[in-house]
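Next come the chains, spelled out residue by residue.
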Amino acid sequence: SYSLCEGGYCTISGLAYGIDEAAHRGNLAGSIGVLPHGLSVPQTSRMERLCGDILDSGGLLLSPFHPAQRATRWGYLQRNRIIAWLASCSAVVEAQESSGTLNTARHTVEAKRPLWVVPWDPLHISGSACLHLMTMGAFPIYSLKHWRLSWGIPSLLNVPQSLDEICERSFLTKSELKAALYLAQ
């Protein structure tokens, strides 16, 4: 997530174990963690460390709940709505058919923001919903270059840079970047 966020983008996620945690760890200073409970509710030591690392690096923790409010099912759903509405787009890396990730995806679409998904093997349970989201109009992430090309070049061009610097930050070759700039004219 660091390489995706070095252009000034932040990571907004729900601090869950696995993908969320890895995304936050890759961009601690640019992380916004949205909690499904109050800020003073005790957490596991692992999550406590992640939250501390985010705050120590200049990131942000948010909770819409009273500080002592414990996590509930509706708290997770509310957290997902907040994540979707804060973000300029959402990326789904894995999702099962009955997961909170689908709730976030629904809110992303309602907020009229782009929804990106990583395609999975249709028989693998961890990604079964990703292909379903693609049939509903979500954009596939085939590669890091593809994703950066779709949203990264305008942000990279806001500050004067050499062609080499833009290539390095966008993960594109010079010929790919030249072709993209030509098509963007």
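Computed from a predicted structure; not experimentally measured. (Residues numbered from 1 in each chain as written. Predicted model: local features only at pLDDT ≥ 70, side-chain atom pairs only at ≥ 80, totals over all residues. Heavy atoms only, no water.)

Asks: Explain unusual backbone geometry here, please?
Replies: Negative phi values dominate among residues other than glycine, just as trans dominates among peptide bonds. In this structure, Leu15 takes a positive phi of about 65° despite not being glycine. Inspection of the secondary structure assignment puts Leu15 in the loop between β1 (11-13) and α2 (19-25). Positive phi outside glycine occurs at Lys112, with the angle close to 60°. Within the secondary structure layout, Lys112 lies in the loop between α5 (100-110) and β5 (115-117). (Helix = DSSP H or I, 4+ residues; strand = E, 2+ residues; numbered from the N terminus.)

Asks: Looking at this model, I keep getting lost on the sheet that holds strand β3 (residues 60-62). Mind explaining?
Replies: The three strands lie next to each other as β1-β2-β3, forming an open sheet whose pairing is parallel. The sheet terminates laterally at β1 and β3, the two strands that pair on one side only. Averaged over all pairs of adjacent strands, the angle between their axes in this sheet comes to 15°, without regard to strand direction. One ladder, built from three bridges, connects β1 with strand β2 (residues 31-34); its direction is parallel. (Pairing = 2+ DSSP bridges. Axes fitted to C-alpha atoms, helices over the stretch in contact; angles between N-to-C directions.)

Asks: Explain helix α4 (residues 73-86) to me, please; I cannot follow it from the model alone.
Replies: Residue pairs spaced three or four apart in an α-helix point in one direction, given the helix's 3.6 residues per turn. The end-to-end C-alpha separation of α4 is 20 Å, in line with the 20 Å expected for 14 residues at 1.5 Å each. Looking only at α4, the buried set comprises Gly75, Arg79, Asn80, Ile82, Ile83 and Ala84. Summarising the contacts, the buried residues of α4 are in contact with β1, β2 and α5. (Expected span 1.5 Å × (residues − 1). Buried < 20%, exposed > 50% of the residue type's maximum accessible area, 1.4 Å probe, protein only. Contact = heavy atoms within 4.5 Å.)

Asks: Explanation requested: the layout of surface pockets in the structure shown.
Replies: Gaps left between atoms are located by rolling a probe of water-molecule size over the structure's atoms. In this structure, the second largest pocket occupies an estimated 210 Å³ of space. Lining the second largest pocket we find 13 residues, and of these Ala105, Val109, Leu115, Leu133 and Met136 sit closest to its centre. With four residues, the top contributor of residues to the lining of the second largest pocket is α5. For the lining of the second largest pocket, the residue count by class is nine nonpolar, two polar and two charged. (1 Å grid on protein atoms, 1.4 Å probe; cavity = no way out; pocket = protein on both sides within 12 Å on 5 of 7 lines; lining within 4 Å. Points joined across faces, edges and corners; volume = space filled by probe spheres on them. Nonpolar A, V, L, I, M, F, W, Y, C, P; charged D, E, K, R; others polar.)

Asks: Any chance you could explain the nonpolar core here in plain terms?
Replies: The nonpolar side chains of a soluble globular protein tend to be buried with one another. Counting residues in hydrophobic clusters, the biggest one holds 10 residues: Val92, Ala95, Leu102, Ala105, Leu115, Val117, Ala129, Cys130, Leu133 and Ala138. Of all the secondary-structure elements, those providing two or more residues to this core are α5, β5 and α6 (128-135). No other element matches the three residues that α6 contributes to this core. Leaving out residues up to four positions away in the same chain, Leu102 has contacts with Gln96, Glu97, Ala129 and Leu133. Among the nonpolar cores identified, the runner-up in size contains eight residues, and Leu15, Met47, Leu50 and Cys51 belong to it. (Core = buried A, V, L, I, M, F, W, Y, C linked by side-chain atoms within 4.5 Å.)

Asks: Sorry, what's going on with the sheet that holds β5 here?
Replies: Where strands meet in a sheet, backbone hydrogen bonds hold them as pairs that are either parallel or antiparallel. Ordered in space as β4-β5-β6, the three strands form an open sheet in which the pairing is parallel. Strands with a single pairing partner mark the edges of an open sheet, and in this sheet they are β4 (90-92) and β6 (139-140). As paired elements, β4 and β5 share three bridges and run parallel to each other. Note that in β5 the partner of Ala91 across the bridge is Trp116.

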